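# Secondary and tertiary structure notes
What follows is each chain in one-letter form.
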Amino acid sequence: MKGRPENLGPEVEARPVILEIEGLTHYFDSLRAVHDFSVTIKEGELVGLIGPNGAGKTTVFNLITGVYRPTAGSIRYEGAPLIGLPSHEIIQMGIARTFQNIRLFANLTVLDNVLIAYHPHSGYGLTDAIFRSRRFRERERVMIEQSQELLEIFGLADRQNDVAGGLPYGLQRRLEIARALATQPRLLLLDEPAAGMNPQEIDQLMELIRFIRDRFQLTIFLVEHRMRLVMNICEWITVMDFGEIIARGKPEEVRSNPQVIEAYLGRQAIR
Amino acid sequence: MRQFLRNTNVTFLAGAGLVFIIVQALINLGILNPYWQGVIFWGAAITMVSLGLNLIYGFNGQFSLGQYGFYAIGAYASADITYRWVRNDPSALVVVIFGSILALIFMLGVNAFLRRFYGVFTPTKFLLNFLAAVLGFFLAVRFVNPAIGQSLYQALNGLPSGISQQIVFFLALVGGATLAGIVSYLLGIPVLELGSDYFGIATLGFTIIVKVLLDNTDTILPFPEMKGARGMVGIPKWTTWPWVFFSFIAVVLVMRNLLHSSTGRAILSVREDERAAELMGIDTTSQKIMAFVVGSVFAGLAGGIRAHDLAFLHPTTFGFLPSFNPLIIIVFGGLGSMTGTIITGFFWIFLLEGVLRLYLPEGFETWRFVIYPIVLLLMMLLRPQGLMGRYEIAFLRRPLPPPKKEPSLAQKLIPEAGEVKA
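Rules used in this analysis
Residues numbered from 1 in each chain as written. Chains lettered and ligands numbered in written order. Predicted model: local features only at pLDDT ≥ 70, side-chain atom pairs only at ≥ 80, totals over all residues. Heavy atoms only, no water. Domains from an automatic or database assignment. Contact = heavy atoms within 4.5 Å. Buried area = accessible area lost by both parts, 1.4 Å probe. Salt bridge = Lys/Arg side-chain N within 4 Å of Asp/Glu carboxyl O. Polar contact = N/O pair within 3.5 Å; in protein donor to acceptor, adjacent residues only side chain to side chain. Helix = DSSP H or I, 4+ residues; strand = E, 2+ residues; numbered from the N terminus.

### Concerning the domain arrangement of chain B
All names here are of chain B. What the domain assignment reports for chain B is domain 1 (1–32) and domain 2 (33–395). For domain 1 versus domain 2, the distance between C-alpha centres works out to 27 Å. Taken residue by residue, the interface counts eleven residues in domain 1 and 15 residues in domain 2. A combined buried area of about 1,100 Å² lies between domain 1 and domain 2, and 80% of that area is made up of carbon and sulfur atoms. On the domain 1 side of the interface with domain 2, the three residues burying the most area are Phe12, Phe20 and Leu32, jointly 52% of the side's total. The interface formed by domain 1 and domain 2 includes zero salt bridges. For the pair domain 1 and domain 2, the interface holds two residue pairs in polar contact (both at pLDDT 80 or more).

Structure below.
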């Protein structure tokens, strides 16, 4: 199948496709950010997207979530085309993402940050809110309970009423993932979740990612810089450089691929 | 019992009831003369306008200069309804009320239809909504008014005069507010899709358009009774303290309940980070339109209250310079603080129209426009977050849910998950 390594085994190949990107190309004016990018992800996979700075990794995420409209190519989520949809509709279909540079609602509380992501599922309208109907109280209680449960999983339960911007960096990263999960996704896009973390924190993060994948039955597509994370948890990896895919395969294959080494370390390193 | 008294809702309602009774008693005893009564009414009206703007700018982050335009629409529309009514002409009442209802129904229909497509071009959406609104009011003028106008008039006039007056005044206030809401919705569709700066400029343009139209109501618009730039006289003076008080409380309660709901959180998220909100599945454009419409409805309601207190409307009241008053008030009180807006709104009118006008030497009024900017400048230098920052009294504060006690299911099943600490 296009956009996948060949050797992942029949068990994985038998699963349904969740995300199918074909021939994705995007130009910023005349600058080619992404060129002919194709990836097919099956349900329950944990796929990595790596590449040097400026390779176009985050642009791919922005294209999937409708921040930009691609110049060419197609993106399908569970068979439905995504191109041209506004971002919020794409998210409501079951795709969630985090941001490379943390984008929490910094002046709001930790709990509010998560509750906001529940808004499309709030299940009550303006009149319920204004007249404080029974449905409002009921739904509000359920939303708060669910959010608190999420915060507990991420070890943020005791900080729920703190201002999100005041959290330590590591907790802010986690809150981002918690908030993304509150949108109730089936596909989670993580944009450099380990940025700025030390090796020990990365180990914890890996454990957390594996855990949420099993608990929420997620498919995870992650962009990452840190080899420690990518090589350990991803089932297979796509490597980008200058907007193009230069390699794809299982972690150990990618690691020894000379083209990848060249992209990361420069031509000198190979000699 | 103690728990009951500590309940903020009880405290607030008791406090509000006390204020109501005290002011009513002062009016009845003749201690509060009509001038100071007017100052209080005016303060309430300007505070309602400012609360609406705070919802739009302070809570939703959309810089708007259009608030006085909606204040003017509410004032003139409701004044026209009662003006004509007391002159035995129910047409304005019928057209505004039934036209609004029809327009709302048609607009709902249009939007339900448009929801079936995705990626609808904004001008298309605007045009269809605009046509729906125009059709609604056209039908009201052409068919509804001739059909039921006279019988409605007779039916209402059959009631005791005090009651029919209250009903008509209520409908006039609702009509003015609804009209302001409809206009703001139509303006909001194309304009709120723009970024915040463009939105500010477009709404400023809107205020100017409204002012120019009001200047020419008798020439280019078919409303000779509004008398254009000469000012509209002969509006019945129906605003009383209960009307002011209950409108004000309604505005405060609606705004509070709205802000303390999921929609309110979505409104705040747009202010915090619009892109992130959009990528959390929130339809930011419709949140912005919603906050804009609700804020404008508040302004329209305040306009009706003010018009029937002053009994005289003049386009300069809604001109360029005064239109900055609500902005100054919310910046002073604190963007994103209802408490701050309420305090500053009343204080502003109390000080400028009450104390300074009465007790300072003649000619001071001119100096006011030198003093405002200086005070504002000092405020920005010394306390940029405003008087109250984002402080709220307990009743208006967003409730912080208590932390959960028992360990969650997840923690019980996978104990190590809870232990992952940074």
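### A closer look at the domain arrangement of chain A
All names here are of chain A. Each domain of chain A was delimited in the assignment, giving domain 1 (1–94 + 185–271) and domain 2 (102–183). Look at where the C-alpha atoms of domain 1 and domain 2 centre, and you get two points 28 Å apart. Contacts between domain 1 and domain 2 engage 19 residues on the former and twelve residues on the latter. Approximately 1,300 Å² of surface area, both sides summed, lies buried where domain 1 meets domain 2, with 74% of it carried by carbon and sulfur atoms. Considering only the side of domain 1, the residues that lose the most area to domain 2 are Pro185, Leu208 and Phe216, jointly responsible for 31% of the buried surface there.

### Let's talk about the side chain of Lys57 of chain A
All names here are of chain A. Relative to the elements of secondary structure, Lys57 occurs in helix 2 (residues 57–64). At 3.3 Å, the side chain of Lys57 forms a polar contact with the backbone oxygen of Pro52. Excluding anything up to four places from it in sequence, Lys57 contacts Leu49, Ile50, Gly51, Pro52, Glu192, Val223, His225 and Met240.

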